[in-house]
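Chain and residue survey
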Amino acid sequence: MPQYNCSKCPGYCCSYPVIGLTKNDVKRLARHFGIGFRKAKAKYTVPRDDEDYTMRRKADVHFGRVCQFFDTDERRCTIYEARPSTCRTYPGGRCGYYDFLTFERNTQDDPEHVARTWNK
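In what follows, the accompanying structure is described. What you see is a predicted model, and the numbers here were worked out from it, not measured in a lab.

1. Topic: the overall build of the chain
- A tally of helices and strands in the chain yields five helices and seven strands.
- Reading the helices (α) and strands (β) of the chain from amino to carboxyl end gives β-α-α-β-β-β-β-β-β-α-α-α.
- The 120 residues of the chain split such that 29% are buried.
- Within the chain, contacts between residues separated by at least 24 positions form 50% of all contacts whose residues are at least 6 apart in sequence.
- As displayed, the chain offers around 8,000 Å² of accessible surface, 49% of which is attributable to carbon and sulfur atoms.

Here it is in structure tokens:
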């Protein structure tokens, strides 16, 4: 299995349209912020039919919308220790950004293609 260096990624997985949360994820967020479960649920989630809870999102210049806890300047998670279970297990086999980057680098015959766009 490939090893991913997530610190070099612009936050692709944080831009997914649905970031599913479990009740335990909401409890973890509540503990992290020192608030009750109900307040955390109201503040950080959006209800969906097919998920227990879904993470609220915010605007992002690169992907349109990203997780509300993603720092759009530093391109990193601001709640890493309290991140949801789906984030803890990602990529779980394949990373879409890694696949995209590999394809583009091979197509362009340039091992640095795309990545240098995100370096500061």
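2. Side note on the nonpolar core
- The biggest cluster of nonpolar side chains holds 16 residues, and the ones touching the most others in it are Leu29, Met55, Cys67 and Phe69.
- Secondary structure elements with two or more residues in this core: α1 (23–33), α2 (37–44), β3 (53–55) and β5 (64–67).
- The biggest single contributor to this core is α1, with three residues.
- Discounting chain neighbours no more than four positions away, the residues touching Cys67 are Cys14, Ile19, Met55, Arg56, Arg57 and Lys58.

3. Examining the pattern of salt bridges
- For the coordinates displayed, the defined rule picks out two salt bridges.
- For Arg28, the salt bridge is made with Asp25, and the minimal N-O distance between the two is 2.9 Å. Residue Arg28 and its partner Asp25 are located together in helix α1, separated by three residues, close to a single helical turn.
- When its relative accessible area of 1% is taken as the criterion, Asp25 is described as buried.
- Two residues, Asp60 and Arg75, come together in a salt bridge whose shortest N-O distance is 2.7 Å. One end of the pair, Asp60, is in strand β4 (residues 57–60); the other, Arg75, is in the loop between β6 (70–71) and β7 (76–77), with 15 residues separating them in the sequence.
- With a relative accessible area of 7%, Asp60 lands in the buried category.
- Under the relative-accessibility criterion, Arg75 is labelled buried at 12%.

4. Details of the sheet that holds strand β2 (residues 45–46)
- Read across the sheet, three strands follow the order β1-β3-β2 without closing on themselves; strand pairing throughout is antiparallel. Bordering the open sheet on either side are β1 (20–21) and β2, each of which pairs with just one other strand.
- Bridging between β2 and β3 involves two bridges; their strand directions are antiparallel. The residue of β3 that forms the bridge with Thr45 is Met55.

5. Comments concerning the pairing of β5
- Two elements, β4 and β5, share four bridges in a ladder whose sense is antiparallel. From the neighbouring strand, Asp60 faces β5, where its bridge partner is Gly64.
- Here β4 folds back onto β5 in antiparallel fashion, the turn holding three residues.

Criteria and cut-off values
- Residues numbered from 1 in each chain as written.
- Predicted model: local features only at pLDDT ≥ 70, side-chain atom pairs only at ≥ 80, totals over all residues.
- Heavy atoms only, no water.
- Helix = DSSP H or I, 4+ residues; strand = E, 2+ residues; numbered from the N terminus.
- Buried < 20%, exposed > 50% of the residue type's maximum accessible area, 1.4 Å probe, protein only.
- Contact = heavy atoms within 4.5 Å.
- Areas by Shrake-Rupley, 256 points an atom, 1.4 Å probe, with all protein chains shown as cover.
- Core = buried A, V, L, I, M, F, W, Y, C linked by side-chain atoms within 4.5 Å.
- Salt bridge = Lys/Arg side-chain N within 4 Å of Asp/Glu carboxyl O.
- Pairing = 2+ DSSP bridges.

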